[in-house]
Amino acid sequence: MIRKISLALLFSIILNCTLKSQNLNTAKLDSFFTALNIHNRGMGSVAISSNGVIVYQKAIGYSGINGDNKIPATIKTKYRIGSITKMFTATMVFQLIEEGKLSLETPLSTWFPQMPNAAKITISEMLDHRSGLHNFTNDSLYMSYMAKPQTEAQMLTIMARQKPDFEPDTKADYSNTNFVLLGYIIEKITGKPYPEELKKRITSKIGLADTYYGGKANTANNEAYSYSFTEKWQQQPETDMSIPGGAGALVSTPADLDKFIEALFAGKLISLSNLERMKTMRDNYGMAMFVIPFYEKKSYGHTGGIDGFSSMLSYFPVEKLAVAYISNGTVYSTNDIMIGVLSIYFNKPFNIPAFKSIILKTEDLDKYLGNYTSTQIPLKIAITKNNTSLIAQATGQPPLTLETVDTDKFVFTPAAITMQFDPAKGEFTVLQGGKTYLFTKVK
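Calculation notes
Residues numbered from 1 in each chain as written. Predicted model: local features only at pLDDT ≥ 70, side-chain atom pairs only at ≥ 80, totals over all residues. Heavy atoms only, no water. Helix = DSSP H or I, 4+ residues; strand = E, 2+ residues; numbered from the N terminus. Rg over C-alpha atoms; globule rule 2.2 N^0.38 Å. Buried < 20%, exposed > 50% of the residue type's maximum accessible area, 1.4 Å probe, protein only. Polar contact = N/O pair within 3.5 Å; in protein donor to acceptor, adjacent residues only side chain to side chain. Contact = heavy atoms within 4.5 Å. Pairing = 2+ DSSP bridges. Arc of directions from axis to C-beta. Phe/Tyr/Trp six-rings, centres within 6.5 Å; stacked < 30°, edge-to-face > 60°. Lys NZ or Arg CZ within 6 Å of the ring centre and 35° of its normal.

Caption draft 1: View of the overall build of the protein. Secondary structure assignment for the protein yields eleven helices and 21 strands. Whereas a compact globule of 443 residues would reach a radius of gyration of roughly 22 Å, the protein reaches 23 Å, a difference of no more than 12%. Considering only C-alpha atoms, the protein reaches an extent of 80 × 60 × 45 Å along its principal axes. By the burial criterion, 50% of the 443 residues in the protein qualify as buried.

Caption draft 2: Broad picture of the side chain of Thr 106. The residue Thr 106 is located in the loop between helix H3 (85-98) and helix H4 (123-127) in this model. Within the structure, Thr 106 has its side chain in polar contact with the side chain of Ser 103 (distance 3.0 Å). Ignoring sequence-local partners within four residues, the contact set of Thr 106 consists of Trp 111, Ile 121, Thr 122 and Ile 123.

Caption draft 3: Examining the pairing of strand E16 (residues 389-394) more closely. Of all six residues that make up E16, five are buried, and the element is covered over most of its length. Pairing geometry for strand E15 (residues 380-386) and E16, over six bridges, is antiparallel. Considered in E16, the bridge of Lys 385 is made with Leu 390. One ladder, built from three bridges, connects E16 with strand E17 (residues 400-406); its direction is antiparallel. Opposite Ile 391, over in E17, you have Thr 401 as the bridge partner. What sits between the antiparallel neighbours E16 and E17 is a turn of five residues, in which Gly 396 has the positive phi angle 80 degrees.

Caption draft 4: Molecular detail of helix H6 (residues 152-160). Turning to H6, its buried residues number three or more, namely Met 155, Leu 156, Ile 158 and Met 159. Along H6, the residues classed as buried sweep out an arc of 160 degrees about the axis, all on the same side. On its buried side, H6 packs onto helix H5 (142-145) and helix H7 (176-190).

Caption draft 5: Representation of the environment of Lys 380 within the structure. By the element assignment, Lys 380 lies in strand E15. Its relative accessible area of 54% is what places Lys 380 among the exposed residues. The sequence separation of Lys 380 and Ala 263 amounts to 117 residues, and the corresponding C-alpha distance is 48 Å. With sequence-adjacent residues up to four places away left out, Lys 380 is seen in contact with Tyr 372, Thr 373, Gln 393, Ala 394 and Thr 395.

Caption draft 6: Up close: the packing of aromatic side chains. One pass over the full model with this rule turns up 26 aromatic pairs. Considering the side-chain rings of Phe 136 and Tyr 142, the 6.0 Å spacing of their centres and the 70 degrees angle between planes classify their relative orientation as edge-to-face. Connected via pairs of aromatic rings, a cluster forms that spans Phe 32, Phe 33, Tyr 325, Tyr 332, Phe 350 and Phe 355. Here the basic side chain of Lys 297 rests over the ring of Phe 346, its NZ or CZ set 4.8 Å away from the ring centre. It is Lys 348 that lies over the ring of Tyr 295; its NZ or CZ is 4.7 Å from the centre.

In structure tokens:
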């Protein structure tokens, strides 16, 4: 009798997964990623997993480009995942709590008394970004050392010298500093390097063969470089992985990320009660986790960005659906790609973008050129050109190559920026994040 019930249950699971994959509009997903690929709107890889079974995978673009020598990306290509690393770090912290080696109330001063407010800051406040510790990647000096190896002592000096942004537990604000320190704390408690503990506690435990602490990218090891697009794909500088540590140093694949978050939500890595703590939102922050809504549905996960890499991992507990996308070349934003993927999966209205831009002559751009200021925000923007491309550069920021989409209308898709010019008035408006700012040309 037990054998018959087990076989019937197994058949039911297989049937349900098969029906789900049959209902999935894979042709439309293929068309969407093909459009992104042929129009140079993105490079990367996606994996969709339903009830623990991968139902769709796709990789587009290249893992490496050296002139005419291009290495096509595959579903086994590994990418830097940036801040999704924080979910792995938090998971190990909760494992140590469950082993009685740590508590959410333990003060940071136990290990690093030199950090500002260390005696007031708890592990809990670090996990949910309520410590007030300044985000060291926002430091003006960050770009000067990001590509150079840093020791723990050097990183502690960098982070300790920065003034806190607010008193602990009075508000929440995202800070990589929290999770670099949490990574160090894991090493202090265990006496082992972070990569070893990651392997022992997570990757070997649940079979993540393609997830590990990264180093210098190596295409021979099926690892991707990252790129930006300005008329062609251009390789981006690499952050030395000694710097982001427990905040952003991992390499993975979308399939491995799906497997990780499924194991996390199944209670295979930490207790379900501690998972609830991770999921609990205060000021829109959980403990290494965010709520990512889609229509009436709710998912949990994290985003990531490092160098030219961009990633998103999302899990829908009710639907038992995991979706991960990692990009090593972003023009059409990662968020918009995930919206497209989820819309197609859930059969929501979604038209595959035509990705048709208007090509102007270089002389057509002259009427937009100049320096602009705004009375709404203290920001100056210089508008220049490079052949047929319009360039916008805010003071102290890198230049952005704009895409022409309509009369006097330009966009920078990775940051969801729209700029509408009125050349006769010497003005343009910037629309971003639902807010509009007016800029006027300096005479």
